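A look at the structure
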Amino acid sequence: MIGKELIGKESESVVIKIRSEEVHRFTEALGIPFSHLVPPTYVGILSQASIPGFEAPLPGMIHGEQKITYLRPLYVGDCLTSKRRIKDVYERKGKLGSVTIMVIETSGYDLAGELIFTSSSTLIAPAKVESE
Amino acid sequence: MKRLLDYQVLDRLPIRIWTPNHIQVRQYAEASGDFNPIHLDDNYARQAGLGGVIVHGMLTMAQMAAMLTDWIGKEGGLSNIEVRFEKMVRPGDTISCSGLIRRRSKNALECDLEAYNHKDEKVLSGLAHISIQL
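Since this is a predicted model, take the numbers as computed values, not measurements.

**Side note on the overall build of chain A**
The helix and strand tally for chain A stands at one helix and five strands. When the elements of chain A are put in sequence order from the N terminus, they spell out β-α-β-β-β-β. Its C-alpha atoms give chain A principal-axis dimensions of roughly 45 × 35 × 20 Å. In chain A, of all internal contacts separated by at least 6 residues, the share reaching a separation of at least 24 is 73%.

See the structure below:
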């Protein structure tokens, strides 16, 4: 069940190293050449600490929007700490009935604590599925 | 060859054509760790009301980002990309990723982004901010 009580819940910080093998695998899957500058959407797949009380994806959940902002470039070999937070949960009535919208933001900081990026996902879940 | 600095408002970016298939979707699932069965299991995806497997939204976004980074080269950097997934993309679709300069200042460009499938349906729209290295 997802509801407003989840707003503000966050994961612990995890330390991540941007590994060459993993970026290689990623660029190969995309069909693009490997480069030390990490592909912009790579931060969307960083191993993520779980948020207590919430497990994604829920059945039937789809990805509605994604926003990624870089304050500086991210390179292979960089170390960072990353954290996820539920920014918002709300209901919206649309053509297909009532849906629940959830916004989850991942932030990445360098080891000095400076923000490197934020990546924000908007997920859409059919509102009434859980009660079946 | 046109340089990043030469781009003006309403100029179009070089288009990227992309045809996802089941193998790539599987490969992306493995590379990203996103094994949601709506991308991999046709029966599951049908039962979920999606009419069959769909391509990861993040894979489509990555192709749009690749269009941008190819274009930017070493002349600048992508500082922001935001997209809305307008319509599901399926293996076998042919997707064209395109962009248009919407605003520019001395050292920054703002671009509108759009991707269409082969049926001319918009599958993605968005916005990107690029900083130009002077």
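The rest of the description comes next.
**Quick word on the packing of helix α1 (residues 20–30) of chain A against helix α1 (residues 22–32) of chain B**
Axis separation between α1(A) and α1(B) bottoms out at 9 Å; the angle between their running directions is 160°. Taken together, the axes of α1(A) and α1(B) are roughly antiparallel relative to one another. In this structure, α1(A) crosses over α1(B), and the sense of that crossing is left-handed. Contacts from Arg25(A), Phe26(A) and Ala29(A) of α1(A) reach α1(B) at Gln24(B), Gln27(B), Tyr28(B) and Ala31(B). Taken together, the residues of the contact of α1(A) with α1(B) sort by class into four nonpolar, two polar and one charged.

**Focus: the interface of chain A and chain B**
Every contact between the two is made by 22 residues of chain A and, on the other side, 24 residues of chain B. Secondary structure elements with two or more residues in the side of chain A that touches chain B: α1 and β2 (62–70) of chain A. The element that contributes the greatest number of residues to the side of chain A that touches chain B is β2(A), accounting for eight residues. The residue inventory of the side of chain A that touches chain B, partitioned by class, reads 12 nonpolar, seven polar and three charged. Taken together, the five bridges between β2(A) and strand β2 (residues 76–85) of chain B define a ladder with antiparallel strand orientation. Bridge pairing links Ile68(A) to Ile81(B) in β2(B).

**Section: the environment of Ile54(B)**
Residues and elements named next belong to chain B. Tracing the chain through its elements places Ile54 in the loop between α2 (42–47) and α3 (57–72). Among the residues examined, Ile54 registers 24 C-beta atoms within 10 Å and is labelled buried. For the pair formed by Ile54 and Asp41, sequence separation is 13 residues and the distance between their alpha carbons is 9.5 Å. Sequence-distant contacts of Ile54, that is, excluding residues within four places in its chain, are made with Ile38, His39, Ala45, Met88, Val89 and Arg90.

**Here's the deal with the sheet that holds strand β4 (residues 97–109) of chain A**
Judged by pairing direction, the sheet is antiparallel, and its 10 strands sit side by side in the order β1(A)-β3(A)-β4(A)-β5(A)-β2(A)-β2(B)-β5(B)-β4(B)-β3(B)-β1(B) without closing on themselves. Looking at strand neighbours, the two that pair on one side only are β1 (14–17) of chain A together with β1 (16–18) of chain B, the edges of this open sheet. Adjacent strand axes in the sheet meet at a mean angle of 25° when their direction is disregarded.

**What about the environment of Leu80(A)?**
Residues and elements named next belong to chain A. The residue Leu80 is located in strand β3 (residues 79–94) in this model. Judged by the 22 C-beta atoms lying within 10 Å of it, Leu80 falls in the buried class. In sequence terms Leu80 and Val103 are 23 residues apart; their C-alpha atoms lie 22 Å from each other. In this structure Leu80 touches Ile16, Gly108, Tyr109, Asp110 and Ile116, once residues within four positions along its chain are discounted.

**Digging into the nonpolar core**
Counting residues in hydrophobic clusters, the biggest one holds 48 residues, and the most contacted among them are Met64(B) and Leu68(B). Every element with two or more residues in this core is listed here: α1 and β2 of chain A together with α1, α3, β2, β3 (95–105), β4 (108–116) and β5 (122–132) of chain B. Per-element accounting of this core gives the leading share, 10 residues, to α3(B). Ignoring any residue separated from it by four or fewer positions in sequence, one finds Met64(B) in contact with Val83(B), Cys97(B), Leu113(B), Ala115(B), Leu124(B) and Gly126(B). Counting residues in hydrophobic clusters, the runner-up holds nine residues, among them Ile2(A), Ile86(A), Val99(A) and Met102(A).

**Examining the environment of Val53(B)**
Residue and element names in this part refer to chain B. Secondary-structure assignment places Val53 in the loop between α2 and α3. When the C-alpha positions of Val53 and Pro91 are compared, they lie 7.8 Å apart, and in sequence the two are 38 residues distant. For Val53, the contacting residues outside a window of four places in its chain are Ile38, His39, Leu40, Asp42, Ala45, Arg90 and Pro91.

**Quick look at α1(B)**
All names here are of chain B. Every buried residue belonging to α1 is among Val25, Tyr28, Ala31 and Ser32, and all of these are buried. In a view along the axis of α1, the buried residues occupy a sector of 125°, so they form one face of it. Two residues or fewer after α1 comes Gly33, characterised by a positive phi angle close to 80°.

**Quick look at the confidence of the model for chain B**
Mean pLDDT over chain B stands at 96; residues scoring 70 or higher make up 100%. For this predicted complex, the interface score ipTM comes out at 0.95, alongside a pTM of 0.94.

The rules we used
Residues numbered from 1 in each chain as written. Chains lettered and ligands numbered in written order. Predicted model: local features only at pLDDT ≥ 70, side-chain atom pairs only at ≥ 80, totals over all residues. Helix = DSSP H or I, 4+ residues; strand = E, 2+ residues; numbered from the N terminus. Contact = placed C-beta atoms within 7 Å. Axes fitted to C-alpha atoms, helices over the stretch in contact; angles between N-to-C directions. Parallel < 35°, antiparallel > 145°, perpendicular 65-115°, else oblique. Left-handed = near helix turned anticlockwise from the far one by under 90°. Nonpolar A, V, L, I, M, F, W, Y, C, P; charged D, E, K, R; others polar. Pairing = 2+ DSSP bridges. Buried ≥ 20, exposed ≤ 12 C-beta atoms within 10 Å, placed from the backbone. Core = buried A, V, L, I, M, F, W, Y, C linked by C-beta atoms within 7 Å. Arc of directions from axis to C-beta. pLDDT = per-residue confidence, 0-100.

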